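Inside the fold
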Amino acid sequence: MKNEQLRRMHEDAGFIAALDQSGGSTPKALAQYGIPESAFSGDAAMFDMVHAMRTRIMTCPAFNGEHILGAILFEDTMDRMVEGLPTADYLWNRKRIIPFLKVDKGLESLNDGVQMMKPISDLDALLDRAAGRGIFGTKMRSVIKEANPSGIKAVVAQQFDVAMRIAAAGLVPIIEPETDIHSPDRQHAESLLKTAVKDHLAALDPAVKVMFKFSIPVEDNLYHQLTTDPHVLRIVALSGGYNQAEANQRLSRNKGIIASFSRALVEGLSAQQSDEAFNTKLDSSVKAIYAASAT
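This text gives an overview of the structure that appears in the document.

Among the five residues of strand S5 (residues 98-102), five are classified as buried, and the element is accordingly described as predominantly covered. Alternating residues of S5 divide into Ile-98, Phe-100 and Lys-102 and Pro-99 and Leu-101, and every residue in both groups is buried. Strand direction decides the pairing type here: strand S2 (residues 68-73) and S5, joined by four bridges, are parallel. Opposite Ile-72, over in S5, you have Phe-100 as the bridge partner. One ladder, built from three bridges, connects S5 with strand S7 (residues 137-144); its direction is parallel. Bridge assignment links Leu-101 to a residue of S7, and that residue is Thr-138.

Listed below in structure tokens is the structure:
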């Protein structure tokens, strides 16, 4: 299975669906879906509702391996069932969609123009459990808000340090140093980020495979050179606050990079929609994102 998933992730057309909102972002995701905070009380009810939303997405006929290569899950979603199967098993065995797990625990406060990841104290145990659940890879997020060389180097060093622990556990890490789309010096920050990433890639063991999740860059094709690095399995892009139409348009100008959208993927979906309307809207979004990724 792992070799087939590696081949599929490296070679096949498609994109990655990000279904990994967690903690503080979950109420916002539910509100976007038409469920206000007044509709639930406590974390248990909140996560029941978000799992019902994600189940509706994952079981939609349009959510399939023809257009979608992978899906990033929150830990709670990994531990639940979809149509009688553990979520990762359902994704791969029913849909041919490769399952990933979000492993970071959120962000530290802003320092040197960046937000580092908080410590992941249970990482080794979580990776063991993920491997047992059939998870292929992981994702972890930091944020770059300013073109601060020392801050960007620190973010990339932390990401690669954790990524090597993930790779050693037999999983493929998605390294996500997001650049804030509202940063006034984002283009310079992205140039510094690319240089730092190249330096770390050059020092990797030849057998190590990683993925990257970048903000869609200001400079078209900035990261295209990285797609040919032998360590890089795939580069994906987050929508980063752009609406779906703008994210697709910007992504389509970047050769070799595919989408990994969250808010842009579920844009226009609502708990109040009929199944027919919901499925039609998701089908349209999946096909539009797939087309933007086919460059």
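Moving on to helix H8 (residues 186-202). The first and last C-alpha atoms of H8 sit 24 Å apart over 17 residues, in line with the 24 Å expected at 1.5 Å per residue. All of the buried residues in H8 are Arg-186, Ala-189, Glu-190, Leu-193, Lys-194, Ala-196, Val-197 and Leu-201.

All right, on to the side chain of Asp-180 then. Mapped onto the secondary structure, Asp-180 falls in the loop between strand S8 (172-179) and H8. Assessed through its relative accessible area of 17%, Asp-180 is described here as buried. A distance of 2.8 Å separates a polar side-chain atom of Asp-180 from the backbone nitrogen of His-182.

Rules behind the numbers
Residues numbered from 1 in each chain as written. Predicted model: local features only at pLDDT ≥ 70, side-chain atom pairs only at ≥ 80, totals over all residues. Heavy atoms only, no water. Buried < 20%, exposed > 50% of the residue type's maximum accessible area, 1.4 Å probe, protein only. Helix = DSSP H or I, 4+ residues; strand = E, 2+ residues; numbered from the N terminus. Pairing = 2+ DSSP bridges. Expected span 1.5 Å × (residues − 1). Polar contact = N/O pair within 3.5 Å; in protein donor to acceptor, adjacent residues only side chain to side chain.

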